[in-house]
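# Tertiary structure, described
These are the residues of each chain, in order.
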2 protein chains.
Amino acid sequence: MNATAKYDARAKAVNSLLCVGLDSDLAKLPQPFLQCDQPQLAFNRHIIDATAEYAAAFKLNSAFYEAAGASGWRQMAETVAYLRERHPDILIICDAKRADIGNTSAAYASAIFDRLGFDAVTLSPYLGWDALAPFLSYAHKVSIVLCRTSNPGGADLQNLLVNGVPLWQAVAQQAAQRNERDNIMLVAGATYPRELAKIREIVGAMTLLVPGVGAQGGDVAEVLDAGLNSVGRGLIINSSRGIVFIADPAQAAASLRDRINAERRHAP
Amino acid sequence: MNATAKYDARAKAVNSLLCVGLDSDLAKLPQPFLQCDQPQLAFNRHIIDATAEYAAAFKLNSAFYEAAGASGWRQMAETVAYLRERHPDILIICDAKRADIGNTSAAYASAIFDRLGFDAVTLSPYLGWDALAPFLSYAHKVSIVLCRTSNPGGADLQNLLVNGVPLWQAVAQQAAQRNERDNIMLVAGATYPRELAKIREIVGAMTLLVPGVGAQGGDVAEVLDAGLNSVGRGLIINSSRGIVFIADPAQAAASLRDRINAERRHAP
């Protein structure tokens, strides 16, 4: 079972499209965790224990661990190990937006897939497909390529017209053509539901990672209308700050999962 | 003095446009270093001691350190500390190809500039300029944006035509417009000298980081003809495998510096 199938199985099993984003910025951790030896790991365990039953995926943004240096890197690794042991059926995404020329991408892929043990990684397409190939050669893992990102500045490059379509559509087309192993997904921001709908049209059943619900203003109903695939899944809907830095993360996760499921029933 | 001026001063002082790439892939380190506690750091010190007198910059590719986990991250940090102490006037580049949405890019910038102490970082432009802004806000540091990369697959996106010009030209134009603090540089691969010449035309005197000489096949004479700015500098010419994994790195660095300088005299 590759990681695409792993996500799909988990989403069905727990009836959830929710991804909890462990953006465990040291500057935002509640005071008690800061007294721990490994504050980010302690915080993550707390969040995982509270929210795992509602989640089909967890996503760690590597920036917040790198900002804590080698210790942060170790806490990221130990978080993945904790998740894999407790919840082997949950998809674990490294949100790292990597890519480099071939031999260097191979080193990144080894770091993220082999050493850290993530199931999936986010990648930037700017360097082209030979830069993504070392990641794609891991057939049982998933490469999640940036397509239309959730930030306004995403338009600077992504909305430039190439052959009459915006660049993000060209990326979606290229990804659809190269997905013969079913191990590619795309990032499509919740803040641009019309673009999300177009991406769905281009990529068929491919699973899409959707950040930007919550703090960034994306609307759950619009995301589901635009993005569900023909079997009523195909979305990984991420919330980070809207769950992990809330007083009751379990309640926040349950409530977002339920809100998503309520809208799924109404979606076309 | 910001990092652009720092590079220029060093390049003048040692009469060199050479950047030594510390791509210290564990799998390629000579046997004796593998017996050290911190093999990458030991290797880097050895290379730095041998080559610094010929170098205006050093570049560490983060992938090869991440592939060694938290220990690799620490060795990257200690390499930067070693360089800053011994050679405070040499530009130190983190080749990390980062970028993410605003609050996350701020964490990356903090990791790379504040905590690790690099002078410069390479960035991917796909997410747009709001994603690069947290890096650019460090006025004394340098943000080096991917423009035309050295790999053939770079063409997949970068050569798509937008408003009649390839995407990499649009990136160069955007960078030139946003360089009011003189802290932007661009990556222009040595393997595409015609593109390099066009980039030089677009960006004026801006400094360009040029990877791809040596193992990747870029030609020194063509790079200098195409890329020198009006004061006969404006290029950071990187070589990694062609120096660090050669039997005599000092000789390899001296020889490449000399070859560059010989061609500089002939350049138009």
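Below is a summary of the structure that appears in this document.

Analysis parameters
Residues numbered from 1 in each chain as written. Chains lettered and ligands numbered in written order. Predicted model: local features only at pLDDT ≥ 70, side-chain atom pairs only at ≥ 80, totals over all residues. Heavy atoms only, no water. Salt bridge = Lys/Arg side-chain N within 4 Å of Asp/Glu carboxyl O. Axes fitted to C-alpha atoms, helices over the stretch in contact; angles between N-to-C directions. Helix = DSSP H or I, 4+ residues; strand = E, 2+ residues; numbered from the N terminus. Parallel < 35°, antiparallel > 145°, perpendicular 65-115°, else oblique. Left-handed = near helix turned anticlockwise from the far one by under 90°. Contact = heavy atoms within 4.5 Å. Nonpolar A, V, L, I, M, F, W, Y, C, P; charged D, E, K, R; others polar. Disulfide = S-S within 2.5 Å. Buried < 20%, exposed > 50% of the residue type's maximum accessible area, 1.4 Å probe, protein only. Least-squares fit on C-alpha atoms with pLDDT ≥ 70 in both. Phe/Tyr/Trp six-rings, centres within 6.5 Å; stacked < 30°, edge-to-face > 60°. Lys NZ or Arg CZ within 6 Å of the ring centre and 35° of its normal. Pairing = 2+ DSSP bridges. Right-handed = clockwise from strand over helix to strand, strands pointing away. Buried area = accessible area lost by both parts, 1.4 Å probe. Polar contact = N/O pair within 3.5 Å; in protein donor to acceptor, adjacent residues only side chain to side chain. Core = buried A, V, L, I, M, F, W, Y, C linked by side-chain atoms within 4.5 Å. Expected span 1.5 Å × (residues − 1).

This part takes up the pattern of salt bridges. Pairs can form between side chains of opposite charge once their charged atoms are near each other. One pass over the full model with this rule turns up 22 salt bridges over all chains. Three or more residues joined by partner-sharing salt bridges are found here, namely A:K59, A:D95, A:K97 and B:D100.

Okay, the packing of helix α5 (residues 69-86) of chain A against helix α5 (residues 69-86) of chain B next. Between α5(A) and α5(B), whose axes approach to 8 Å, the crossing angle comes to 165 degrees. The angle between the axes of α5(A) and α5(B) places the two elements in the roughly antiparallel class. Taken as a pair, α5(A) and α5(B) cross one another with a handedness that is right-handed. Here α5(A) contributes A:G69, A:A70, A:W73 and A:R74 to the contact with α5(B), which in turn contributes B:G69, B:A70, B:W73 and B:R74. Classifying every residue of the contact of α5(A) with α5(B) by side-chain character gives four nonpolar, two polar and two charged.

Residues and elements named next belong to chain A. Taken as a whole, this structure holds zero disulfides over all chains when the rule is applied. Here C94 is not cross-linked by a disulfide; its sulfur's nearest cysteine counterpart is in C19, at 12 Å. A relative accessible area of 1% means that C94 is categorised as buried.

This part takes up the relation of the copies chain B and chain A. Here chain B sits on chain A after a turn of 180 degrees about the axis and a move of 0.0 Å along it, with an RMSD of 0.0 Å. What the superposition gives is, in effect, a two-fold axis relating one chain to the other. When you check the interface residues of chain B against chain A, 100% turn up at the interface there too, and the contact is symmetric in its surfaces.

Attention now goes to the packing of aromatic side chains. According to the stated counting rule, one finds nine aromatic pairs over all chains in the structure shown. Here A:F113 and A:Y138 contribute two aromatic rings whose centre-to-centre distance is 4.9 Å and whose plane-to-plane angle is 55 degrees, an arrangement assigned as tilted. In this pair, A:F113 sits in helix α6 (residues 102-115) while A:Y138 sits in the loop between α7 (129-136) and β5 (142-148), placing the two residues 25 residues apart along the sequence. Comparing A:F113 with A:Y138 shows no difference in burial state: the two are buried. With 5.3 Å between their ring centres and 85 degrees between their planes, B:F33 and B:F43 make a pair best called edge-to-face. Residue B:F33 is located in helix α2 (residues 31-34), and its partner B:F43 is located in helix α3 (residues 39-51); the two are separated by 10 residues in the primary sequence. Of the two residues, B:F33 and B:F43, neither departs from the other in class, the shared state being buried. By the ring-pair criterion, three or more aromatic residues cluster together here, those being A:F33, A:F43 and A:F245. For A:R148, the ring lying beneath its charged end belongs to A:Y192, and the centroid distance is 3.8 Å.

With that settled, the discussion passes to the sheet that holds strand β3 (residues 91-98) of chain B. Residues and elements named next belong to chain B. Strand order in this closed barrel of eight strands is β1-β2-β3-β4-β5-β8-β9-β10, and the pairing throughout is parallel. Recorded for the sheet is a direction-independent mean angle of 30 degrees between the axes of neighbouring strands. By the bridge criterion, four bridges tie strand β4 (residues 120-123) to strand β5 (residues 142-148) in an arrangement that is parallel. The partner of T122 across the bridge, within β5, is I144. Against the sheet, helix α11 (residues 220-227) makes contact with β9 (208-210) and β10 (235-239), and its axis sits at roughly 160 degrees relative to β10, the strand it touches most.

This part covers the pairing of β5(B). With seven of seven residues buried, β5(B) lies mostly within the body of the structure. Regarding the hand of the β-α-β motif, the stretch spanning β4(B), helix α7 (residues 129-136) of chain B and β5(B) is right-handed.

How big an interface is tends to be reported as the loss of accessible area on association of its parts. Taken together, the 55 residues of chain B in the interface contact 55 residues of chain A. Taking both partners together, chain B and chain A bury about 4,500 Å²; carbon and sulfur atoms supply 57% of that area. Linking chain B with chain A are four salt bridges, by the criterion used here. Between A:D100 and B:K97 there is a salt bridge whose closest N-O contact spans 2.8 Å. For the pair chain B and chain A, the interface holds 31 residue pairs in polar contact (both at pLDDT 80 or more). A total of six residues in the side of chain B that touches chain A trace back to one element, the largest contributor, which is helix α6 (residues 102-115) of chain B. Residue composition of the side of chain B that touches chain A, by class: 28 nonpolar, 16 polar and 11 charged.

Here we take up the packing of α3(B) against helix α13 (residues 249-266) of chain B. All names here are of chain B. Where α3 contacts α13, the axes come no closer than 8 Å and their chain directions differ by 45 degrees. With respect to α13, the element α3 is oriented oblique. Where α3 crosses over α13, the two elements pack in a sense that is right-handed. Where α3 approaches α13, its residues H46, I47, A50 and T51 are matched on the opposing element by P249, A250 and A253. By residue class, the composition of the contact of α3 with α13 is five nonpolar, two polar and no charged.

Assignment of secondary structure puts B:N238 in strand β10. With sequence-adjacent residues up to four places away left out, B:N238 is seen in contact with B:C19, B:V20, B:G21, B:K59, B:L209, B:V210, B:P211, B:G212 and B:V213.

Here the focus is the nonpolar core. Membership of the largest hydrophobic core comes to 199 residues, with the highest contact counts inside it found for A:L186 and B:L186. In this structure, A:L186 is in contact with A:I144, A:V145, A:C147, A:A172, A:A175, A:I199, A:V203, A:M206, A:T207, A:L208 and A:L209, ignoring residues within four places of it in sequence.

A separate point is the sheet that holds strand β9 (residues 208-210) of chain A. Residues and elements named next belong to chain A. The eight strands lie next to each other as β1-β2-β3-β4-β5-β8-β9-β10, forming a closed barrel whose pairing is parallel. This sheet shows a mean twist of 30 degrees between the axes of neighbouring strands, independent of strand direction. Packed onto the sheet, helix α1 (residues 3-13) meets β2 (57-61), β3 (91-98), β5, β8 (184-188) and β10 (235-239) and runs at close to 130 degrees relative to β3. Running at roughly 165 degrees to β9, helix α10 (residues 193-203) makes contact with β5, β8, β9 and β10 of the sheet.

A word on α5(A). With 18 residues, α5(A) extends 26 Å from end C-alpha to end C-alpha; this agrees with the ideal 26 Å at 1.5 Å per step. Three or more residues of α5(A) are buried, namely A:G69, A:A70, A:G72, A:W73, A:Q75, A:M76, A:T79, A:V80, A:Y82 and A:L83.

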